[in-house]
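Chain and residue survey
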Amino acid sequence: MTDRMALSLAQADPAVAEALDHETLRQHEGLEMIASENFVSEAVLEAAGSIFTNKYAEGYPGRRYYGGCEFSDVVENLARDRAKQIFGSEHANVQPHSGSQANASAFMAVLQAGDTILGLDLAHGGHLTHGHKLSFSGKLYRPTFYHVDRKTELIDYDELEAIADREKPKVIIGGASAYPRLWDFARMRQIADKVGAVYIFDMAHIAGLVAGGAHPSPVPHAHITTTTTHKTLRGPRSGLILCGEGLAKEIDKAVFPGQQGGPLVHIIAAKAVAFGEVLRPEFKTYAAQIVANAKVLGTSLQEAGYRLVSGGTDNHLLLVDVFEKGILGSEAELALGKAGITVNKNAIPYDTNPPLKPSGIRIGTPALTTRGMRETEMRLIAQWIGKALEQRNDDVALERIRQEVAELANRFPLYAWLRAPVAVSA
Ligand code: DSN
C-alpha cells in the first residue's frame, strides 16, 4: 500500500476534513427544514462511501461492458427489485445520477427534439426540468405550461386540458417542487389519453410519502414515473425511473448510453440499502408522521397569523406567504438561518416580487421527522419561526433563539456518534 492510501481524511486533507466537521455540526445543531432534504441512515452512508466508487459498470446487470461486475450486478439487482416492489412497478431503472437526469432520460425515451411538452410553470411550483427556458427541457423541446388557479392556488385542470387540446403536447408532465396539495393523477392521465400524450409524473418530492402509503400513488396512472431518491424517500442523492414493460427498453437505452456513461455503483448500492429500509414497516409510520408534522406546523403558523398558500398542506411541505406581513422571502430565509432554522425563499403563485426576493418561504418536515421530532416540537418550532420573523432585524434575539434551537437539536441526535451532547457552538 502506498503512503497515500493509508492516510485518514484529516491527515490527507485537513481543509476538506475541517469543512466536513463544520458541516456535521451545522446539520446536527440546526433545524433542517428545507423540504427537499433529509438525513440518510448510517447504513446508507456506509454504502455511499464504499469502495464501489472504484468500479466501472457501463451496461446493465448481466450485460456489462467491463469485467469484474459480478458484485455490481448484485447491488443493482437488489436496488431494481426493491424499487419495483415498493412502488408496484413492472420495470425500474436505478442508474440515473439525479432527478434531472431521470427526467432527461424519460423525455429522451419518448420525444424527438422540437416536440411539445406541457408542464407546471416553475413560478407556480414546477421544476426547471419540466420545460424552463434555461434547462435542457426548454431548449431541446417546445415547452408549454399549466398553472394553479389564482384564487384556490390549486392546479387548474380545466386550464391544463384546454392547453393540451390546443397545443397537442407529446408529453404531459406532472409533479412539483413547491406544491403542498394532492394531485389528480387520474384526470391528468385522462387528458393525456385524449390528446395522445405520454403522461410522465415526477414524484421527487412525495416519493417517500407514496412509498409509505401516506399519499396516493401516481405509478398506476403514469406511463413513466421519475423521482429523486434523497428527499422523502430518504436515500442517497440520486434518481430513479419506473415504467411498464412496454417502455422498459426505451428507458434503459435513454439512460445508458443516451444520457449517462458509467453508473455510480456506490450510490446504487446505497439506493438498494435505502429501498430495503423503505420496505420495513417503520417506514409507514415515518411517512405518516411527516404529514402529521407538516399539518401541525401549518396550523400553528396560521394561528400565529401567517397565510399558507392554498390554505394548508396534504404533504410534507408548506408554502408560507411572508410578504403578506411585509417580509420578503429572502429576508425571512436570512433571519431564520441566523436562528438556526434552515428554509429556502420561494416564489408563491402569481408572485409580484422577483425570484431572488420572492414573497414566500418553503418549509418541510421530512428531515426533522427523521430525527424523531413530532407534533410537540412542531408547535415549538412554529413559535420560534414567528418570533424570528418578528425580530428579524435583531441579531441578539436571533442568537438567543439559535441557542434554544441547538438545545432542542441536541436532544434528537442525528447519528450514534453524535449521541453524546455536542457543545453548542458560540
Ligand atoms: N432542487 C429541488 C428542490 O429543492 O425542490 C428540486 O429538484
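Above this note sits the structure.
Here we come to the packing of helix 5 (residues 70–87) against helix 12 (residues 265–278). Across the interface, helix 5 lies against helix 12 with an axial gap of 8 Å and an inter-helix angle of 40°. Between helix 5 and helix 12 lies a crossing whose hand is left-handed. Facing Ser72, Val75, Glu76, Leu78, Ala79, Arg82, Ala83 and Ile86 of helix 5, the residues of helix 12 in contact are Val265, Ile268, Ala269, Ala272, Val273, Phe275, Gly276 and Val278. Along the lines of polarity and charge, the residues of the contact of helix 5 with helix 12 split into twelve nonpolar, two polar and two charged.

Bringing empty space enclosed by the protein into the picture now. Using the criterion set out here, one finds two cavities of 30 Å³ or more in the structure. Volume-wise, the largest cavity comes out at about 90 Å³. Considering the residues around the largest cavity, the lining is formed by 14 residues, among which Ala176, Tyr179, Trp183, His205 and Ile206 are closest to the centre. When the residues that make up the lining of the largest cavity are grouped by side-chain class, the tally is seven nonpolar, five polar and two charged. By volume, the second largest cavity is sized at about 30 Å³. Forming the boundary of the second largest cavity are Arg26, Gln27, Gly30, Leu31, Glu32 and Thr342.

Our focus in this paragraph is the site of the ligand. In the vicinity of the ligand, the contacting residues are Ser36, His127, Ser177, His205, Lys231 and Arg362. Between the ligand and His205 there is a distance of 2.6 Å, counted from an oxygen atom to a side-chain nitrogen or oxygen. Interatomic distance of 2.8 Å between a side-chain N/O atom of Arg362 and an oxygen atom of the ligand. Surface burial for the ligand is 64%, taken as the share of its 230 Å² of free accessible area covered by protein chains. Classifying every residue of the shell around the ligand by side-chain character gives no nonpolar, four polar and two charged.

Mapping Asp321 onto the fold places it in strand 12 (residues 317–321). A distance of 3.2 Å separates a polar atom in the side chain of Asp321 from the backbone nitrogen of Glu324. Sequence-distant contacts of Asp321, that is, excluding residues within four places in its chain, are made with Arg307, Ile348 and Ser359.

On to the packing of helix 16 (residues 375–390) against helix 17 (residues 395–410), then. Closest axis-to-axis distance for the helix 16/helix 17 pair is 10 Å, and the angle between their directions is 165°. On the basis of the axis angle, helix 16 is roughly antiparallel to helix 17. In terms of crossing hand, the pair formed by helix 16 and helix 17 is left-handed. Here Glu377, Leu380, Ile381, Trp384, Lys387 and Ala388 of helix 16 lie close against helix 17, whose contacting residues are Leu398, Ile401, Glu404, Val405 and Leu408. Here the contact of helix 16 with helix 17 is composed, by residue class, of eight nonpolar, no polar and three charged.

As summarised here, the arrangement of the four strands in space is 11-12-15-14, forming an open sheet in which the pairing is antiparallel. Of all strands in the sheet, those bounded by a partner on one side alone are strand 11 (307–308) and strand 14 (344–346). Direction of pairing for strand 11 relative to strand 12: antiparallel, over a ladder of two bridges. Note on strand 12: the bridge partner recorded for Leu308 is Val320. Each of strand 11, strand 12 and strand 15 (360–364) is contacted by helix 13 (residues 282–303), which is oriented at about 15° to strand 12, the strand it contacts most.

The next point concerns the nonpolar core. By size, the foremost hydrophobic cluster in this structure holds 47 residues, and its most contacted members are Phe87, Tyr146, Ile155, Leu160, Ile172, Trp183 and Met203. By size, the runner-up hydrophobic cluster in this structure holds 33 residues, among which are Val320, Val343, Ile381 and Ile385.

Let us now look at the side chain of Ser238. Here Ser238 shows up in the loop between strand 9 (224–228) and strand 10 (239–243). Look at Ser238 and you get buried, because its relative accessible area is 2%. Apart from the residues lying within four places of it in its own chain, the contact partners of Ser238 are Pro96, His97, Ser98, Gly99, Thr227, Thr228, Thr229, His230, Ile267 and Lys271.

Turning next to the pattern of salt bridges. Here the idea is simple: oppositely charged side chains can pair when their charged atoms come close. Tallied over the full model, the rule gives 22 salt bridges. Residue Glu29 is joined to Arg402 by a salt bridge in which the shortest nitrogen-to-oxygen separation is 3.2 Å. Linking Glu29 in helix 3 (residues 14–29) with Arg402 in helix 17, this pair joins segments that are 373 residues apart in sequence. Neither residue differs from the other here; Glu29 and Arg402 are each classed as buried. In this structure, the salt-bridge partner of Glu153 is Arg307, at a minimum N-O distance of 3.1 Å. On the criterion of sequence distance, the pair formed by Glu153 in the loop between strand 6 (142–146) and helix 8 (157–167) and Arg307 in strand 11 is long-range, its members being 154 residues apart. With a relative accessible area of 8%, Glu153 lands in the buried category. With relative accessibility at 25%, the residue Arg307 sits in the partly exposed group.

What follows concerns helix 8. Residues of helix 8 that are buried include every one of Tyr157, Leu160, Glu161, Ile163, Ala164 and Glu167, and no others. Around the axis of helix 8, the buried residues are gathered within 165° of arc, so they sit on the same side. Facing away from the buried side of helix 8, by more than 90 degrees, are the exposed residues Asp158 and Arg166. For helix 8, the secondary structure elements touched by its buried residues are strand 5 (116–120), strand 6, strand 7 (171–174) and helix 9 (185–195). N-capping of helix 8 is provided by Asp156, with a side-chain oxygen placed 3.2 Å from the backbone N of Asp158. Lys168 lies just past helix 8 and shows a positive phi near 45°.

The rules behind the values
- Residues numbered from 1 in each chain as written.
- Predicted model: local features only at pLDDT ≥ 70, side-chain atom pairs only at ≥ 80, totals over all residues.
- Heavy atoms only, no water.
- Axes fitted to C-alpha atoms, helices over the stretch in contact; angles between N-to-C directions.
- Helix = DSSP H or I, 4+ residues; strand = E, 2+ residues; numbered from the N terminus.
- Left-handed = near helix turned anticlockwise from the far one by under 90°.
- Contact = heavy atoms within 4.5 Å.
- Nonpolar A, V, L, I, M, F, W, Y, C, P; charged D, E, K, R; others polar.
- 1 Å grid on protein atoms, 1.4 Å probe; cavity = no way out; pocket = protein on both sides within 12 Å on 5 of 7 lines; lining within 4 Å.
- Points joined across faces, edges and corners; volume = space filled by probe spheres on them.
- Near = heavy atom within 4 Å.
- Polar contact = N/O pair within 3.5 Å; in protein donor to acceptor, adjacent residues only side chain to side chain.
- Areas by Shrake-Rupley, 256 points an atom, 1.4 Å probe, with all protein chains shown as cover.
- Parallel < 35°, antiparallel > 145°, perpendicular 65-115°, else oblique.
- Pairing = 2+ DSSP bridges.
- Core = buried A, V, L, I, M, F, W, Y, C linked by side-chain atoms within 4.5 Å.
- Buried < 20%, exposed > 50% of the residue type's maximum accessible area, 1.4 Å probe, protein only.
- Salt bridge = Lys/Arg side-chain N within 4 Å of Asp/Glu carboxyl O.
- Arc of directions from axis to C-beta.

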